[in-house]
Amino acid sequence: MSRRTLLVLALLMLSILAACGSNTTDRPNSQGTVPSPRSEISEPAPASTTLKAELDFTYAGEIAAPEIPHGLDWFNVERPLSLVSDLRGKIVILDFWTQGCINCLHVIPDLHRLEDEYPDSLVVVGVHWAKFDHERTSGAVKHAVQRLQVRHPVVNDAYEYLRRAYRVRAWPTLVLIDPLGRVVGSHAGEGIYPLFQPVIDRMSLEYGTAGLIDVRPLEAITADEKPIPTVLSFPGKVLADKASNKLFIADSGHNRIIVTDLTGRILDTIGGGTEGLVNGSWGDARFSQPQGMALSSTGRYLYVADRANHAIRVVDLSRRTVGTLAGTGGSTHRVVPGPPLSTALASPWDVERIGDQLFVAGAGRHQIWVIELADGGGTASWTDIFAGTGAEGLDDGHRLSATLSQPSGLVADSSTLWFTDPEASAIRSIELGNDGQLTTLIGKGLFSWGDEVGTQQETMLQHAVGIEMVGNDLYIADTYNHRIKVIDLATGNSRLVAGSGLPGSRDGVGEAAQLAEPSGLSVADEILFVADTNNHRIRTLNTNTGQLNTFVLSNQKAAALLHRTAADEIVTLPQKIIAPGVLDVTVDLVVPDGYEFNSDGTFVLDIRIDNAMNSRIAGRNSYRAQGPDMPQGFSLIIEEEENMRIQADATVFYCPAEDAAFCLLRHVQIDVPVLVRDFGATKISLSYRLPTAEEIDISIGSIRD
């Protein structure tokens, strides 16, 4: 048997257990083969065998890859791509995925790693094949691509043309296509990097030597995705604490935690805003798509489910530091009980503290874990499995023999732990006593969902993620139905509280209100705080009146994003609303205490408007000086245009005032997205305090570590 045949068989058979099954009709027959499906795509002509006869490649396909149909919606590219014209000469991976599947999320970093290592020869195309009804919409796919920070082109296979053409039956499935447009093989499940890397490496070498690799970059037709302009980006969870008058927001898309008071004034940010796993001070620490949070019994420690870092982080609210409580930073196919810092986890999505135990919604392995806290809650002594076999399912029974389906939200009372199981659109509970029974309250199976309220038997949800307890009621963030629902625990009956059932952003009561994939809930007194994820907002729901309002965040300058390198300060301010007409812009760069601007080096400051067709600078657009005066003012003419950004770009020299044994040279870029409205401001300030040498050293050292 040839190496090529062995690879095809390996790709077809490995890691099926690490994939989510689908509810498709083209299931294997009794002989174990897949019947040929009817497809709207015409069958391609067989690939030419001329080159195959002349050249013997280790990995070569036999059958031409079906072309991508016209008329599908694409993301991350300026126009649709063709396997025949655009991608011929490239090694292609088709990644069949869906946004709600945790296994699919685990594959994304591996794909990015392969893309980075083989930029000239490899192209990844994500083929979004939906499970849930809402996932089929292109709006949902667009948000998912942004939220999950997918970098490669993605096509929405809403009608399953490609899924049927390639006979795909599980999420995720990856199909490998050679540079001549022929299918080499497919693989279902996670753990793709060690499987695909040596194959792509060999193919890049052999096809490249034969002159069959097109090394021209795909960037020529790749769209530049604009960053989210609002102060929040896809907030996943919230935690309201009445005792401290604080609201903690998992600003998941910005990889940080924002702290406000319960009126909306921003007090602090925890995390530097760039993706990573770094402990240290609040400004230097790094998270990766953080989700659920809980407080220690004393209120000193904040526990964070650091989803994409596969870790539980601990924030010391007194010392203003971030550490790691549990997890190794890498994912695992099987969680083995042990010491917290040497026990690998997988995509923890929420946390709930009960006494000296921290319960973790282990979405990545369909389990709930429990961490034993120590030292007043600042450290942990043991990680164990509390519920779930690790298989995906909706089987009740004793907690350790039950099956779960991506648990993502937790809440508890004195005797019961309640949780959401989104892939089964279910609400379930575990008795905390010796009995340990796990019971399903709402939910009928992995492929059963809907949008109904009424009796317990009638109630149906669609990928519900968030949960909170208010009195004897469970409030549910029915995520894919864009609604908030309530379940009365005394009767099991449910009712609608807020949401029209369509994504939107409108305040109001009942069905007059609109949300967009709400995912996190937390209550303080009668106010339920809602992480309205795809609206990049926090909403408040009055549980007495049913009124849904938008939570207004003030002091937004405290939540500016900073990306610091050895030479650069890149500052992104929250979006500002400005009026058309004359806009006065003040730029103020402030040296830290004990420093002064250097009078020998030339200070350079330029201002510009990005994405402007008619808006322009009135008068000067730059300032140059030795020993500059700050602040500096500029005048802009603003027209009614969308997606504009005002940017100040400066080269700054500054030194210690007393002992100028050294000077700092920094490139500073201040960027602010603007929204033009008649009621907007006519003056804005772009202000930034420059860092000390010590602050730069600490930041760069933390990032390198």
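Residues numbered from 1 in each chain as written. Predicted model: local features only at pLDDT ≥ 70, side-chain atom pairs only at ≥ 80, totals over all residues. Heavy atoms only, no water.

**Here's the deal with the overall build of the chain**
Counting its secondary structure elements, the chain contains seven helices and 48 strands. At 27 Å, the chain has a C-alpha radius of gyration in line with the 27 Å of a compact globule built from 705 residues. With respect to the principal axes defined by its C-alpha atoms, the chain has extents near 80 × 70 × 50 Å. When the accessible surface of the chain is totalled, it reaches about 28300 Å², and 50% of it is carbon and sulfur. Averaging the coordinates of the 58 positive side-chain charges in the chain and doing the same for the 86 negative ones gives two points 2 Å apart. (Helix = DSSP H or I, 4+ residues; strand = E, 2+ residues; numbered from the N terminus. Rg over C-alpha atoms; globule rule 2.2 N^0.38 Å. Areas by Shrake-Rupley, 256 points an atom, 1.4 Å probe, with all protein chains shown as cover. Lys, Arg positive; Asp, Glu negative; His and termini not counted. Charge placed at Lys NZ, Arg CZ, Asp CG, Glu CD.)

**Topic: the nonpolar core**
Within the largest apolar cluster, 40 residues are counted, with the highest numbers of intra-cluster contacts made by Leu83, Leu87, Leu94, Phe96, Leu162, Tyr166 and Ile177. At the level of secondary structure, the elements contributing two or more residues to this core comprise β3 (74–75), β4 (91–97), α3 (102–117), β5 (122–128), α4 (138–147), β6 (154–156) and β8 (173–177). By size, the runner-up hydrophobic cluster in this structure holds 38 residues, among which are Ile578, Tyr595, Ile684 and Ile700. (Core = buried A, V, L, I, M, F, W, Y, C linked by side-chain atoms within 4.5 Å. Buried < 20%, exposed > 50% of the residue type's maximum accessible area, 1.4 Å probe, protein only.)

**Points about helix α6 (residues 193–209)**
For α6, spanning 17 residues, the distance from its first C-alpha to its last is 23 Å, which sits close to the expected 24 Å at 1.5 Å a residue. Those residues of α6 lying buried are Tyr193, Leu195, Phe196, Val199, Ile200, Met203, Ser204, Glu206 and Tyr207. Downstream of α6 by one or two residues, glycine 211 has phi in the positive range, about 75 degrees. (Expected span 1.5 Å × (residues − 1).)

**A short note on the sheet that holds strand β10 (residues 238–241)**
Across the sheet, which stays open at both edges, the four strands sit in the order β10-β11-β12-β13 with antiparallel pairing between neighbours. Every interior strand has two partners, whereas the edge strands, β10 and β13 (266–270), have only one. When the angles between neighbouring strand axes are averaged without regard to direction, this sheet yields 15 degrees. In the sheet, β10 pairs with strand β11 (residues 246–251) via four bridges, with the strands oriented antiparallel. Bridge pairing in β11 links aspartate 241 to lysine 246. (Pairing = 2+ DSSP bridges. Axes fitted to C-alpha atoms, helices over the stretch in contact; angles between N-to-C directions.)

**A look at the sheet that holds strand β35 (residues 537–542)**
Within the open sheet, the five strands sit side by side as β32-β36-β35-β34-β33. Their pairing is antiparallel. Pairing within the sheet leaves two strands with one partner each, and these edge strands are β32 (508–509) and β33 (518–524). Pairing of β32 with strand β36 (residues 547–550), which is carried by two bridges, proceeds in the antiparallel orientation. Considered in β36, the bridge of valine 509 is made with glutamine 547.

**Here's the deal with the side chain of glutamine 367**
Position of glutamine 367 relative to the elements: it lies in strand β21 (residues 367–374). Among the residues examined, glutamine 367 registers a relative accessible area of 4% and is labelled buried. Within the local environment of glutamine 367, its side chain forms a polar contact with the side chain of tryptophan 369, the two groups lying 3.0 Å apart. Other than its neighbours up to four places away in sequence, glutamine 367 contacts Val335, Val360, Ala361, Gly362, Ile385, Ala387, Gly388, Thr389, Gly390, Leu404 and Pro407. (Polar contact = N/O pair within 3.5 Å; in protein donor to acceptor, adjacent residues only side chain to side chain. Contact = heavy atoms within 4.5 Å.)

**Remarks on the pattern of salt bridges**
Evaluation of the coordinates by the stated rule reveals 32 salt bridges. The closest approach of N and O atoms between aspartate 268 and arginine 320, which form a salt bridge, is 3.0 Å. You can see aspartate 268 sitting in strand β13 and its partner arginine 320 sitting in the loop between β17 (311–316) and β18 (321–326), a full 52 residues away along the chain. Here arginine 539 ties to aspartate 532 by a salt bridge, and the two come within 2.7 Å at their closest N and O atoms. (Salt bridge = Lys/Arg side-chain N within 4 Å of Asp/Glu carboxyl O.)

**Overview of the state of the cysteines**
Summed over all chains, the structure comprises one disulfide. Through a disulfide, cysteine 655 is tied to cysteine 663; the S-S separation comes to 1.8 Å. On the sign convention where negative is left-handed, the bridge of cysteine 655 and cysteine 663, at about 95 degrees about the S-S bond, is right-handed. Classification of cysteine 655 by relative accessible area gives buried; the value is 4%. (Disulfide = S-S within 2.5 Å.)

**Some details on the domain arrangement of the chain**
As assigned here, the chain comprises domain 1 (63–210), domain 2 (293–448), domain 3 (450–561) and domain 4 (569–702). Its C-alpha centre places domain 1 at a distance of 34 Å from the equivalent point of domain 3. Summed over both sides, the interface of domain 1 with domain 3 buries roughly 720 Å², with 51% coming from carbon and sulfur. The largest per-residue losses of area from domain 1 upon contact with domain 3 belong to Phe132, His134 and His143, which jointly make up 64% of the total buried on that side. Our count for the contact surface shared by domain 1 and domain 3 stands at one salt bridge. (Domains from an automatic or database assignment. Buried area = accessible area lost by both parts, 1.4 Å probe.)

**Concerning the environment of glycine 89**
Its place among the elements puts glycine 89 in the loop between β3 and β4. Judged by its relative accessible area of 7%, glycine 89 falls in the buried class. Sequence separation between glycine 89 and aspartate 451 is 362 residues; the distance between their C-alpha atoms is 46 Å. Sequence-distant contacts of glycine 89, that is, excluding residues within four places in its chain, are made with Pro179, Leu212, Ile213 and Asp214.

**Points about the confidence of the model for the chain**
Across the chain, pLDDT averages 91, with 91% of residues at or above 70. For the stretch residues 25–49, pLDDT sits under 50, and the model shows 33 contacts to residues farther than four places along the chain or on other chains. (pLDDT = per-residue confidence, 0-100.)

**Focus: unusual backbone geometry**
Here the bond from tryptophan 171 into proline 172 is cis, since omega is -15 degrees, no more than 30 degrees from zero. Within the fold, proline 172 resides in the loop between β7 (170–171) and β8. Following methionine 630, the chain continues to proline 631 via a peptide bond in cis, the omega torsion being 0 degrees. Examined against the element boundaries, proline 631 turns out to sit in the loop between β44 (622–625) and β45 (632–638). Its identity as a non-glycine residue notwithstanding, asparagine 255 has a phi of 55 degrees, on the positive side. With respect to the helices and strands, the residue asparagine 255 is situated in the loop between β11 and β12 (256–261). Look at asparagine 255 and you get buried, because its relative accessible area is 4%. The backbone phi angle of glutamine 406 is positive, close to 70 degrees, even though this residue is not glycine. Its place among the elements puts glutamine 406 in the loop between β23 (397–398) and β24 (409–412). Glutamine 406 sits in the buried class, given a relative accessible area of 4%.

**Let's talk about the environment of phenylalanine 447**
With respect to the secondary-structure elements, phenylalanine 447 resides in the loop between β27 (437–442) and β28 (466–470). Once the C-alpha coordinates of phenylalanine 447 and alanine 424 are considered, the two residues, 23 residues apart in sequence, prove to be 6.8 Å apart.

**Regarding the packing of α3 against α6**
As a packed pair, α3 and α6 sit with axes 10 Å apart at the nearest point and diverge in direction by 20 degrees. It follows from the interaxial angle that α3 and α6 lie roughly parallel. The hand of the α3/α6 crossing is right-handed. Mapping the contact onto sequence places Asp110, Arg113, Leu114 and Glu117 in α3 and Tyr193, Phe196, Gln197 and Ile200 in α6. Of the residues assigned to the contact of α3 with α6, the class counts are four nonpolar, one polar and three charged. (Parallel < 35°, antiparallel > 145°, perpendicular 65-115°, else oblique. Left-handed = near helix turned anticlockwise from the far one by under 90°. Nonpolar A, V, L, I, M, F, W, Y, C, P; charged D, E, K, R; others polar.)

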